[in-house]
Every structure is written in C-alpha cells, then in structure tokens.
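So the chains spell out like this:
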Amino acid sequence: MEVSGKVTSTSKTNFNLYCITCDTDGLKEPAYGFCQDCQEHLCKSCFQHHRRSRLSRNHVLLDKDAMPTQQTAVDVNTDVITDNCTNHRDKPLEFYCNNHKTVACYVCVTLEHKQCKVDYIPDVSGNISGELIDLNKKMEDLVKKCEYNIMKASAATKQLEQSRGKVVEDIRLLRKEINDRLDEMESMMIKEAEAVVNTATYKIKNIKVVCEKIAEEVKRSQSILNALKEAKKQNKLFIVMKNATPRMMTLESEEIQIVKDNMTYDDIQFDRNEKLLDQLKSEKNFGTISTYRKPSEDTEICANNERSHNVTFPSDKERSNVVGMVMVSATEMVIADYDNKNIKMIDVNSGSLLSEETLSSAPRDVIRLPQNDLAIALPGEKCIQIMSYIDTSLSLDRRIDVRELCNCVAYCKDKLVVGCNYNLGKLVILGLDGKLIQVFDTPGLFDRPKNIVISRDEKFMYVSDYSRYIASKCIKLDWQGNVVQSFTDKGYRGPQGIQELSDGTLLVCYNGSHKIVRLSSSFKKCEITGLEKINLFFPNAVTYSESNNKLYVSCSSDKVWGSNDTIKVFNVR
C-alpha cells in the first residue's frame, strides 16, 4: 500500500537525489533540501519536520537551490539503523536518552522523553571508543572473575574429596579399636560426612555452572561487539553496546550473588571421641563431623582506610616518631614515640591525647603485659622499663636489666622475649624477675631483630630481621631456636612491625618499600587489598583490634624517613 506523496522503492524513479530518511523505510522520495549537520538529503516532508523538531531545529538546512547536486558517500550511509523499537516495531531506534540510559525511537522520544537530554544516534555513535573500551574491560574482568571462581571451586572440590578420604580413614581407624556393636554408628557417621561434603559440593557446582554460563554469555557479547567494531557498524555497535551495559550489570550482580550464596571455604574434619572406649555402653555418639575454616593464603582480606590521626601534639618538642604501639582497650592505644622520648595514650577514635609519660631515653617498642602493665624496650639504657596504667593514667614502675641493646620485646607465659643488638643480633628470654632463661644467638640467625610476635597458639615466635648488608627476612622460630620457616623477597626492604590477625595470617611492615605484606602461617605471601590505594610512607609499627576489626599502622605523613607522625586506621574484612 502506497502512502500519499511517497514513492516506493520498487516504483520507477527519474530523479538522482532522494531522501535518505525515507530510503531507510524502503521509500524513494525526491530530495527537497539538505541538512549539513546530518549530511543527508531530505524530502519536503522530512525537511519541514527537521526544521520543527526539538532535536534538529538548530541544524543548518539548505533548500533545493543551495543543496549539493550529488549524493555524497556520507549521505548514502551503509551503516543504516535496522534495529526497531520493541514498543513501536516499525520505528527504528535512532535516539539515545542520556537520562534513562536507553535507546529509543522517535515516538518514544516524543511521548516519554520530552524533558530528557536526547542524542541522535548517528551524531554520537562515532564517539564511543572510550566507553567501548570500558565495557570491554568490565567484560574481561567479569570473565576473569568467573574463571577464577571456577578454579577456586575446582580446588575446593578436590580438597573436600581429599578431606573426605581422611575423615573416612579416621572413622575407620577408630572403628578398629572397638567391637562390632559400632557397625551402625560407623555407617551413620560416614553418611553424615557424605552429607556435609555433598552439600558443599552441590553449592560449589552451582558456582561452576552459573559462572560458566555467565562467562559464555559475556564472551559471546564480546565477540559480537568486536565483530561490529571491525565491520565499522557504529550504529549497530552503539545499540548492542548500550543494550549490553545493563545486561552486564545484571550478570555482575548474578556473579556476586552466586559466589556469596554458595562459595564455601570451610573444610571438614572428624573429631574423635577419645572417651568412647571407656564409655561405649553409655555413649550414643561415634564422634562428630564438623566444618572449620582454615587460615589460608587463598582467602583474600581487604583493608579500607577509614581515617588518619597525626600524633604530634603541642606538648611535643619534636615531630613524633611512632616506633611501637599496642591496644589497651577497644578505644585506647599506647604508643612509643622515639624522637620525643615518651609514651602516650591516645583515643583511637578521635586521635586525641589522653596522657603521656616522659622517659629517661628513647623507646623502641611497647607491649602489653598482664595486670595493666606495659613493657617498654629502652636500647640506650639496655633495659626493659615496666610501666603501669590505670584508666588513662600512666606511671613508671620497675626496670629489668637486659645488658644488651634491646630493640623489641614480646611476652609469653611470664617470659619476656627480647630482640637485641645489631649485626650479630640475638633473642634473649627472661623471666619477669629479670632471670636469664635462654639465649638464641647462632651466627647468621639474626642481623637486627626489629619486632617480635608470639603466635596465637604460643608455639612459635615471629621475628622481623632487618639488614643493610644481606637480604632482610622474617623468621618463624620454635622455642628451641630452630628456624621453622622464613620469608625473603628482594622486592621488600626493611621489615619492621609484625602483627598476627585473627585468621592466623601475619602483616609485616616493610619500611623501606612503603608496603605492608600479608603472610600465611607457613610464610607464603597472600592477598590483602585496599592498602595499594593510599600513600603509605615508611610504615613502621602495626597493631590490630579484634573487638572491632580495626588495623592501625604508624607511618610518615610525607616522604620523610624516621618521622612516623601519623597513625592510619583501617577496617579489615
């Protein structure tokens, strides 16, 4: 059916210039004018509409006498919009609404986007390279996340299978020690173990299936985008890209949600009931199958910087240099200020000074002891100064002579472990009465012990050892002075403060590299994010509050070495 005033593309035409807009609808209409902005010939009807439309009323229009006499290459556009509106199926998607982030046809724009900022797609489709790069980057990142999740899921499945074998072995080993009355209980426990593993495996399988589908869809979208880009189909590319963006958000949400709902880092183990043999007749339980969370270098943590406190106060004569700090309550911290030769108690929320006590020489470390006491390393006087605190009041107490340059100190079971000397460093273990218990001074064991932390299970000592001449290292020692593990990396210089987190991993301040490294209990480097986003100049002392998952790090407010005047506060999750 022909429309009045229009000529169908199948009709005979005897004109050389025709309306490009009508041509996209399959009609041939003689050109009446030309739009210099759109670079298109227009028929009389489209010419008049072009002049009235809000989107094109400011375009430069040439009448029939002034218009070009030849159809230009730009005019005969091979990148014709062929995608039609889902609401108005005969109308092409020619516009993009910036307010609603959606493509639209002319009818949609007229009815639903009168007050919006609307662009004509052919006018803007050539300027999408940056946005396309961003979208491709998001797609690549999502694919990588999915592939990583798939890898993690596969590893978790393998670990669960290995653990299931170990659990079954433990169950059957215990079963050999008892009589045939336990056949039924054995079967019950194995089934319980299977149930736990099957539940975890089912969740992991969900992750693999969904992530594989997401990755497949994203890769398919990438392929389409790349093909359109290579074919220089800018309009089609623009539409597909804009339609892909909300879908990407949906897929990203799905990936986050499936991992949140299903990923498990729990493992299983069999907890033996050692009293079972003696109490077999009265006991009803063969044991228990439980899950536990393993401290692992594969489990990432994130540290978000919440605030910073400058701890140089009006009473200080020098810029502060915090070389040691320890939490004494959920909101109060004691810090050792080397350059001002004092100990300060501060409020960690406000950063305000609560009290201070001047020392006879510069402190190198401070730790907390039982009974509201503190131990402070004073290398210049070769002693450990004991200090008491009541509420916010600080007061000097007795001294423990070490007779060595004591740089750092730790406490465990009524013993002080003191890191001493330079070049040929050593660890000295003393009783709280000052009695010498043990010395670890094997040649080459230490150069300059800078900080000591006792492991949570109190089986090991972690020591940061700084050296100017050989590679600095962090060492894990047993109580016989044997090196269990060590960590050395030429990319990290000047290890200082060490802090063990609640998951059993360690944070080490590398003063010379402006970095904090997270190590597993086996001294393998593992992930911590968030710290790379901030300037962390010369990190020195570090402490952690389990009550609120806050991490505190002393560092320099600028790039001045030896002036750790700032404490940065991080939320750890």
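A quick note: this is a predicted structure, and the numbers were derived from the prediction, not measured.

**What to know about the overall build of the protein**
Logical step 1: Within the protein, the secondary structure is distributed over 7 helices and 35 strands.
Logical step 2: For a compact globule of 573 residues, the expected C-alpha radius of gyration is about 25 Å, and the protein comes in at 36 Å, more than 25% above that figure.
Logical step 3: With respect to the principal axes defined by its C-alpha atoms, the protein has extents near 115 × 80 × 45 Å.
Logical step 4: A total of 573 residues make up the protein; the buried ones form 49% of that total.
Logical step 5: Considering only residue pairs separated by 6 or more positions, the protein has 49% of its internal contacts joining residues 24 or more positions apart.

**A look at helix α2 (residues 44-52)**
Logical step 1: Listing the buried residues of α2 in full gives Cys46, Phe47 and His50. In a view along the axis of α2, the buried residues occupy a sector of 105°, so they form one face of it.
Logical step 2: Taken together, the buried residues of α2 touch α1 (20-23), β3 (33-35), β4 (40-42) and β5 (61-62).

**Quick notes on the pattern of salt bridges**
Here the idea is simple: oppositely charged side chains can pair when their charged atoms come close.
Logical step 1: One pass over the structure, following the stated rule, counts 22 salt bridges.
Logical step 2: Close ionic contact of Arg307 with Glu306 constitutes a salt bridge, the shortest N to O distance being 3.1 Å.
Logical step 3: According to the relative accessible area criterion, Glu306 is partly exposed, its value standing at 39%.
Logical step 4: For the salt bridge of Asp465 with Lys473, the shortest nitrogen-to-oxygen distance reads 3.0 Å.

**Let's talk about the sheet that holds strand β18 (residues 383-390)**
Logical step 1: With antiparallel pairing, the 4 strands of this open sheet are ordered in space as β16-β17-β18-β19. Single-partner strands in this sheet number two, and they are β16 (365-369) and β19 (393-401). Across the sheet, the mean angle separating the axes of adjacent strands is 25° when strand polarity is ignored.

**Re the packing of aromatic side chains**
Logical step 1: With the rule as written, the count across this model stands at 6 aromatic pairs.
Logical step 2: Between Phe95 and Tyr120 the ring centres are 5.6 Å apart and the planes differ by 45°, which places this aromatic pair in the tilted class. Residue Phe95 is found in strand β6 (residues 95-97), and its partner Tyr120 is found in strand β8 (residues 118-120); the two are separated by 25 residues along the sequence. Each member of the pair, Phe95 as well as Tyr120, carries the same accessibility label: buried.
Logical step 3: With 5.4 Å between their ring centres and 85° between their planes, Tyr96 and Phe238 make a pair best called edge-to-face. Within this pair, whereas Tyr96 is found in strand β6, its partner Phe238 is found in helix α7 (residues 234-262), the two being separated by 142 residues in sequence. No difference in accessibility class separates Tyr96 from Phe238, as the two residues are buried.

**A short note on the confidence of the model for the protein**
Logical step 1: Residues with a pLDDT of 70 or more make up 90% of the protein, whose mean pLDDT is 85.
Logical step 2: Segment residues 1-14: pLDDT under 50, and 19 contacts once partners within four positions in sequence are set aside and those in other chains are kept.
Logical step 3: Counting interchain partners and residues more than four positions distant, the pLDDT-below-50 stretch residues 73-77 has 10 contacts.

**Some words on the nonpolar core**
Logical step 1: If you look at the biggest cluster of nonpolar residues, it comprises 49 residues, and the most contacted ones within it are Val103, Leu135, Met139, Leu142, Val218 and Leu225.
Logical step 2: Residue assignment for this core shows that the elements contributing at least two residues are α2, β6, β7 (102-104), α3 (106-112), β8, α5 (129-175), α6 (183-230) and α7.
Logical step 3: Among the elements that make up this core, the one with the highest residue count is α7 (9 residues).
Logical step 4: Look past the residues within four positions of Val218 in its chain and what remains in contact with it is Met139, Leu142, Val143, Met248 and Leu251.

**Remarks on the sheet that holds strand β34 (residues 550-555)**
Logical step 1: Ordered in space as β32-β11-β35-β34-β33, the 5 strands form an open sheet in which the pairing is mixed. Each edge of the open sheet carries a strand with a single partner, namely β32 (528-529) and β33 (542-545).
Logical step 2: Sheet topology note: the β34/strand β35 (residues 566-572) ladder contains 6 bridges and is antiparallel. Along β35, the bridge assignment pairs Cys555 with Thr566.

**Observations concerning the packing of α6 against α7**
Think of two packed helices as two axes; the pair is described by the angle between the axes and how far apart they sit.
Logical step 1: Their axes nearest at 10 Å, the elements α6 and α7 cross at an angle of 165°. Taken together, the axis directions place α6 and α7 in an arrangement best described as roughly antiparallel. Remark: the crossing between α6 and α7 carries left-handed chirality.
Logical step 2: Its residues assigned to classes, the contact of α6 with α7 comprises 15 nonpolar, 2 polar and 8 charged.

**Remarks on the state of the cysteines**
Logical step 1: Throughout the structure, instances matching the rule amount to 0 disulfides.
Logical step 2: The cysteine Cys146 is free of any disulfide, with Cys211 supplying the nearest cysteine sulfur at 4.2 Å.
Logical step 3: What makes Cys146 buried here is its relative accessible area of 0%.
Logical step 4: The thiol sulfur of Cys383 is not disulfide-bonded, and the nearest other cysteine sulfur, from Cys406, lies at 6.0 Å.
Logical step 5: Residue classification places Cys383 among the buried positions, given a relative accessible area of 0%.

**Some words on the environment of Asp447**
Logical step 1: Turning to its location among the elements, Asp447 is positioned in the loop between β23 (436-440) and β24 (449-454).
Logical step 2: C-alpha separation for the pair Asp447 and Val218, spaced 229 residues apart in sequence, amounts to 53 Å.
Logical step 3: Ignoring anything within four residues of it in the chain, the contact list for Asp447 reads Asn421, Tyr422, Asn423, Leu424, Gly425, Asp465, Tyr466, Ser467 and Arg468.
Logical step 4: A distance of 2.9 Å separates the side chain of Asp447 from the side chain of Ser467, its partner in a polar contact.

**Topic: the pairing of strand β20 (residues 406-412)**
Moving residue by residue along a regular strand, the side chains alternate between the two faces of the sheet.
Logical step 1: Most of β20 sits inside the fold, with 6 of its 7 residues counted as buried.
Logical step 2: Summarising the sheet, β20 and strand β21 (residues 415-420) pair through 6 bridges and their orientation is antiparallel. Along β21, the bridge assignment pairs Cys412 with Lys415.

**Concerning the side chain of Lys568**
Logical step 1: Within the fold, Lys568 resides in strand β35.
Logical step 2: Although buried, Lys568 forms no salt bridge, and the nearest oppositely charged side chain, Asp565, lies 9.0 Å from it.
Logical step 3: A distance of 3.3 Å separates the side chain of Lys568 from the side chain of Ser308, its partner in a polar contact.
Logical step 4: Other than its neighbours up to four places away in sequence, Lys568 contacts Asn305, Arg307, Ser308, Ile534, Asn535, Leu536, Leu551, Tyr552, Val553 and Cys555.

Cut-offs used in this document
- Residues numbered from 1 in each chain as written.
- Predicted model: local features only at pLDDT ≥ 70, side-chain atom pairs only at ≥ 80, totals over all residues.
- Heavy atoms only, no water.
- Helix = DSSP H or I, 4+ residues; strand = E, 2+ residues; numbered from the N terminus.
- Rg over C-alpha atoms; globule rule 2.2 N^0.38 Å.
- Buried < 20%, exposed > 50% of the residue type's maximum accessible area, 1.4 Å probe, protein only.
- Contact = heavy atoms within 4.5 Å.
- Arc of directions from axis to C-beta.
- Salt bridge = Lys/Arg side-chain N within 4 Å of Asp/Glu carboxyl O.
- Pairing = 2+ DSSP bridges.
- Axes fitted to C-alpha atoms, helices over the stretch in contact; angles between N-to-C directions.
- Phe/Tyr/Trp six-rings, centres within 6.5 Å; stacked < 30°, edge-to-face > 60°.
- pLDDT = per-residue confidence, 0-100.
- Core = buried A, V, L, I, M, F, W, Y, C linked by side-chain atoms within 4.5 Å.
- Parallel < 35°, antiparallel > 145°, perpendicular 65-115°, else oblique.
- Left-handed = near helix turned anticlockwise from the far one by under 90°.
- Nonpolar A, V, L, I, M, F, W, Y, C, P; charged D, E, K, R; others polar.
- Disulfide = S-S within 2.5 Å.
- Polar contact = N/O pair within 3.5 Å; in protein donor to acceptor, adjacent residues only side chain to side chain.
- Lys, Arg positive; Asp, Glu negative; His and termini not counted.

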